[in-house]
Amino acid sequence: MEKDLLVLGIETSCDETAASVVKNGKEIISNIVASQIESHKRFGGVVPELASRHHVEEITIVIDEALEQANITMKDIDAIAVTEGPGLVGALLVGVNAAKALAFAHQIPLVGVHHIAGHIYANRLISELKFPLLSLVVSGGHTELIFMENHGSFQVIGETRDDAAGEAYDKVARTLQLPYPGGPHIDRLAHEGKPVIDLPRAWLEEGSYDFSFSGLKSAVINTLHNAEQRGEIISPEDLAASFQASVIEVLTEKTIRAAREYEVKQVLLAGGVAANKGLRASLTSAFDRMPNVELVIPPLYLCTDNAAMIAAAGSILFEQGKRGGMEMNAHPGLDIEK
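Residues numbered from 1 in each chain as written. Predicted model: local features only at pLDDT ≥ 70, side-chain atom pairs only at ≥ 80, totals over all residues. Heavy atoms only, no water.

Turning our eyes to something else, we now look at unusual backbone geometry. Residue Pro86 follows Gly85 across a cis peptide bond; omega there is -15 degrees. Note that Pro86 resides in the loop between strand E4 (79-85) and helix H3 (89-106). For the peptide bond that leads from Tyr180 to Pro181, omega is -10 degrees, which places it in the cis range. Its identity is not glycine, yet Gln107 carries a phi of approximately 55 degrees, on the positive side. Relative to the elements of secondary structure, Gln107 occurs in the loop between H3 and strand E5 (110-114). Overall, the relative accessible area of 65% leaves Gln107 in the exposed class. (Helix = DSSP H or I, 4+ residues; strand = E, 2+ residues; numbered from the N terminus. Buried < 20%, exposed > 50% of the residue type's maximum accessible area, 1.4 Å probe, protein only.)

So, on to the pairing of strand E3 (residues 27-35). Taken together, the eight bridges between strand E2 (residues 16-23) and E3 define a ladder with antiparallel strand orientation. Pairing of Glu16 across the sheet is with Ser35, part of E3. Linking E2 back to E3 in an antiparallel pair, the connection comprises three residues, with Asn24 at a positive phi of about 55 degrees. (Pairing = 2+ DSSP bridges.)

Quick look at the packing of aromatic side chains now. Scanning all chains against the criterion turns up four aromatic pairs. Aromatic side chains Tyr169 and Phe243 sit 4.9 Å apart centroid to centroid with 75 degrees between the ring planes, which places their arrangement in the edge-to-face category. Remark: Phe243 occurs in helix H8 (residues 236-261) and Tyr169 occurs in helix H5 (residues 165-175); sequence separation between them is 74 residues. We note that Tyr169, like Phe243, is buried. Grouped by ring-pair contacts, the aromatic residues Phe147, Tyr209 and Tyr262 constitute a single cluster. Taking NZ or CZ as reference, Lys254 lies 5.8 Å from the ring centre of Phe211, over its face. (Phe/Tyr/Trp six-rings, centres within 6.5 Å; stacked < 30°, edge-to-face > 60°. Lys NZ or Arg CZ within 6 Å of the ring centre and 35° of its normal.)

Once that is clear, we can look at the packing of helix H2 (residues 48-70) against H3. Following both chains from N to C, one finds H2 and H3 inclined at 30 degrees, their axes separated by 9 Å at the closest point. Taken as axis vectors, H2 and H3 run roughly parallel relative to one another. In the crossing of H2 with H3, the sense of the turn from one axis to the other is right-handed. For the pair H2 and H3, contact is made by Ser52, His55, Val56, Ile59 and Ile63 and by Gly90, Ala91, Val94, Ala98 and Leu102, respectively. Partitioning the contact of H2 with H3 into residue classes produces seven nonpolar, three polar and no charged. (Axes fitted to C-alpha atoms, helices over the stretch in contact; angles between N-to-C directions. Parallel < 35°, antiparallel > 145°, perpendicular 65-115°, else oblique. Left-handed = near helix turned anticlockwise from the far one by under 90°. Contact = heavy atoms within 4.5 Å. Nonpolar A, V, L, I, M, F, W, Y, C, P; charged D, E, K, R; others polar.)

Below, the discussion takes up the layout of surface pockets. For the largest pocket, the calculated volume is near 1200 Å³. In this structure, the largest pocket is lined by 40 residues; those nearest its centre are Ser139, Gly140, Asp170, Tyr180 and Gly272. Of all the elements in the fold, those that place two or more residues in the lining of the largest pocket are helix H1 (37-41), helix H4 (115-121), H5 and helix H6 (183-190). At six residues, the largest contribution of residues to the lining of the largest pocket is made by H5. Of the residues in the lining of the largest pocket, the class split is 14 nonpolar, 15 polar and eleven charged. Estimates place the volume of the second largest pocket at around 490 Å³. Contributions of two or more residues to the lining of the second largest pocket are made by E5, H4 and helix H10 (308-319). For the lining of the second largest pocket, a count of residues per class yields eleven nonpolar, five polar and six charged. (1 Å grid on protein atoms, 1.4 Å probe; cavity = no way out; pocket = protein on both sides within 12 Å on 5 of 7 lines; lining within 4 Å. Points joined across faces, edges and corners; volume = space filled by probe spheres on them.)

With that settled, consider H2. Helix length check: H2 (23 residues) gives 31 Å between terminal C-alpha atoms against 33 Å at 1.5 Å per residue, within 8%. Along H2, the sharpest kink reaches roughly 45 degrees, centred on Glu58. By the burial criterion, the buried members of H2 are Ala51, Ser52, His54, His55, Ile59, Val62, Ile63, Ala66, Leu67 and Ala70. In this structure, the buried residues of H2 make contact with strand E1 (6-11), E2, E3, H1 and H3. Two residues or fewer past H2, Asn71 is found with a positive phi of approximately 60 degrees. (Expected span 1.5 Å × (residues − 1). Bend = angle between axes of the 7 residues up to and from the residue.)

The strand order E3-E2-E1-E4-E5 describes an open sheet built from five strands, whose pairing is mixed. Where the open sheet ends on each side, the last strands, each with one partner, are E3 and E5. For this sheet the average axis-to-axis angle between neighbouring strands, irrespective of direction, equals 20 degrees. Note: E1 against E2, six bridges, orientation antiparallel. Pairing of Glu11 across the sheet is with Ala18, part of E2. Against the sheet, H2 touches E1, E2 and E3, its axis set at about 25 degrees to E2. The strands touched by H3 within the sheet are E1, E4 and E5, with E4 carrying the most contacts at an inclination of about 155 degrees.

This is the structure in structure tokens:
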């Protein structure tokens, strides 16, 4: 009988300090996340220096907790997977150096993981991946359509040219004077309003799978300002519903078109904005009409940054013989295709 593969995952790319133990790349044994949202809320966004300091304070605590919850010690760990990039350089460095120190002290193999690959592989923790597949990655810093022919091969067929969807959500939320992070608040308001305000959809050139949300964000801000100048009151619920309808329509339509063109067996939703109820409902409804394509949507706790997804992606890399050395560094602009 083959021995189970136990991978310790470490994630510190932004404002969550996380550690997790995953068995055979598919089963979560422990998953600890220390969120910093309360610290950054008053600034309306993530403050990089503050994030790094929090990671330094929390990193050993979450690693110890992940091992304790899994009821194992470092002797039982077969590999350590850590987010190498992209992300905030100071934040990434905390995780990378903690992982290198543990790997060196315990003589355990080290694997560097791309943060977005982690979000995609979060789906493997609930369903085996079927190739070829398409992943719609939607988060604060990323909006991408990624085609995968097999494990570890990533082809970006569409990406954002300006604001990512999550960024646009946060900026619109700020305009509506909603707390940070704005996504959940806009999503909640949108369900209370009606999409009655005419807002643009950026389809870009014919056949393009790229995204652009900057013009939409500006249109929302202009709509509010123009109404103020005329002394009119716009319903925040209707504005949120109209904004969300525009974002979701573009994301859904482009995903369906790409799924057809690339003849995929599976479509995965990934990233923080994957928690958006409107987006989940829209994709579910769309793919109900495409029975030959399986749609996989991760549970809410696997949408936001966590270390189980890093361990899941790292398990595949480890099995493929990929290893990181003591020269491993933080790469804030790491390219998923390379």
